[in-house]
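One-letter residues, chain by chain:
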Amino acid sequence: MTEASYLREKLESISPTERVERIVVQRFAVPLLQALGFDELEIREEFETGCGQVDLAARKNVDPEDIFLRSPKNPYLLLEAKSRAVNLREGSCYRDAVCQIESYLLAKNCKSAKWGIITNANNIQLWRKHGKVVHPATANLDISSDNIESIVRNLRDKIENYERALTVCVYNNKGGVGKTTTVINLAATLKTKGKKVLVVDFDSQGDLTGSSGVTPGKITLTQCLKDPKIDVHAIVQTYRLRGIPIFDIIPRDPELETLTDSRAVAYIPKGTRRLRDLIAPLRNEYDYILIDCPTQWLYFSQSGVFAADVILIPTRPDDLSSLNNAARVITQFIPETARSRQDGGPIALPAFFNGVSSRSEHTIQLANKEIWKLINQEKSVDLLHFWPHFKKGNENKSIFRIPDYAVISSAKFERVPAVFRHRKVLEYYQSLAREYFIDE
Ligand SMILES: Nc1ncnc2c1ncn2[C@@H]1O[C@H](COP(=O)(O)OP(=O)(O)O)[C@@H](O)[C@H]1O
Ligand SMILES: [Mg+2]
């Protein structure tokens, strides 16, 4: 009998209303890990993450002297199980389980962990960790005897083919909040951390391309969008500073502007899905792929959000409409995109304030009041979308800030990311990289 059919048999032996979590662990979760390719010496129950115990942890034994069951260190995958009586399809129990697997994956004994699973034998979802980011790798799937084998194949395929890049789209459908500025400075900062970065200028205005001074080669992004037979490597250029490569860039070309017309977009195969396919061959070549989009929720931005694992949303505390628009991205555009993608993504990272002046404290208080209103008005705005450090008993409403700093603005005229013009600016963006992305 194959592991998958053994798993199906075990699954069928669990009562549909099973209230005991242990039964789900033993009859479903352990056989599931076996079907995913881990043997019994590679699976450990009740693993201490450093932030509570997770039900199961697993890691391949490559060194015969280092058997995971006996010395449970450096797990690769964590699994948090619930009983069938817990509703993991949606609602607050599901959200709590997501927070739980996220905090385990980020806990100190799990630095090596790349994958997390939450399941109650009715639903299952795979989560991926990249640096500090934990994001869905599959939709939250309904399990049945009929589909369990294909679920296992899908999960196993993802787990065995961990992709190197995290794809980040920087987006708010409010202009002038610092989308382009964030992409260019974050890209340069990640380079200083030894990361290999690709930026995609998916704004027909080409502010990013302009401020990097890079020009497109013979084959352009527009041609590549229209013709899937073109090898995407042909449109990748390199931004260099004094001869040193800093990051790669897919620059905007003038013809991209024609795609602001919906009739022209009709000539792009797969429309707003095309960009995701276009960058797919590059996902194992970079640590980060950063996408810059224009403001309006039209072809370019829809494509950028569709292509991304996570969305980073800049706002300005003194601009009420940038907060309302951030809420719209979170409640409307991202869920809409996730529904059409059906693989769980993309998700929003907590929004941040860009351009905070030293006199902004009062403005920030007003912004926080506005955020509180948004959270109460819109069920799908989770307060963690704005206040990631907010916990029961510790109502920490801090939001990450990038200060308003003249060098940030003037640097673009010199074709140099501001982080390379001024030590202070580099420190600001290093703290952004640490807050969101890099696990140091
Ligand atoms: N933190 C900051 N301090 C000073 N100027 C900034 C800052 N962030 C952005 N700017 C400036 O604000 C303007 C709008 O930023 P930009 O990145 O072009 O916004 P978007 O891409 O969202 O339209 C630009 O002139 C930029 O240089
Ligand atoms: Mg811009």
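Residues numbered from 1 in each chain as written. Chains lettered and ligands numbered in written order. Predicted model: local features only at pLDDT ≥ 70, side-chain atom pairs only at ≥ 80, totals over all residues.

Please explain the packing of helix 1 (residues 3–12) against helix 4 (residues 148–160) as it appears in this structure.
For any two helices packed against each other, one specifies the inter-axial angle together with the distance between the axes. Where helix 1 contacts helix 4, the axes come no closer than 9 Å and their chain directions differ by 130 degrees. Classed by the angle they form, the pair helix 1 and helix 4 counts as oblique. Between helix 1 and helix 4 lies a crossing whose hand is right-handed. Taken together, the residues of helix 4 that come into contact with helix 1 (itself represented by Ala4, Leu7, Arg8 and Leu11) are Ile148, Glu149 and Val152. Residue classes in the contact of helix 1 with helix 4 are distributed as five nonpolar, no polar and two charged. (Axes fitted to C-alpha atoms, helices over the stretch in contact; angles between N-to-C directions. Helix = DSSP H or I, 4+ residues; strand = E, 2+ residues; numbered from the N terminus. Parallel < 35°, antiparallel > 145°, perpendicular 65-115°, else oblique. Left-handed = near helix turned anticlockwise from the far one by under 90°. Contact = placed C-beta atoms within 7 Å. Nonpolar A, V, L, I, M, F, W, Y, C, P; charged D, E, K, R; others polar.)

Just checking my understanding: could you explain the environment of Gln26 for this structure?
Here Gln26 is to be found in helix 2 (residues 21–35). Residue classification places Gln26 among the partly exposed positions, given that 15 C-beta atoms sit within 10 Å. Spatially, the C-alpha atoms of Gln26 and Ile279 are 41 Å apart, while their sequence positions differ by 253 residues. (Buried ≥ 20, exposed ≤ 12 C-beta atoms within 10 Å, placed from the backbone.)

Just to check I follow, could you spell out the site of ligand 1 for this structure?
Close contacts around ligand 1 come from 16 residues, with Gly178, Lys179, Thr180, Thr181 and Ser409 the closest. Where the shell around ligand 1 is concerned, the elements lending two or more residues are helix 5 (179–192), strand 16 (352–356) and helix 13 (406–410). Residues that form the shell around ligand 1 fall into these classes: four nonpolar, eight polar and four charged. (Near = placed C-beta within 6 Å.)

So what exactly am I meant to see when it comes to the environment of Ala367 here?
Inspection of the secondary structure assignment puts Ala367 in helix 12 (residues 361–377). Each C-alpha atom, one on Ala367 and one on Phe353, is 9.9 Å from the other, the two residues being 14 residues apart in sequence. Residues within four places of Ala367 in sequence aside, it is in contact with Pro317 and Leu323.

What exactly am I supposed to notice about the domain arrangement of the chain here?
Note: interface size is frequently given as the accessible area lost on complex formation between the parts. For the chain, the assigned domains read domain 1 (3–160) and domain 2 (166–436). Each partner contributes to the interface: domain 1 provides 11 residues, whereas domain 2 provides nine residues. When residues of the side of domain 1 that touches domain 2 are traced back to their parent elements, those giving at least two are strand 5 (123–130) and strand 6 (133–136). In terms of residues, the side of domain 1 that touches domain 2 owes the most to one element, strand 6, which gives three residues. (Domains from an automatic or database assignment.)

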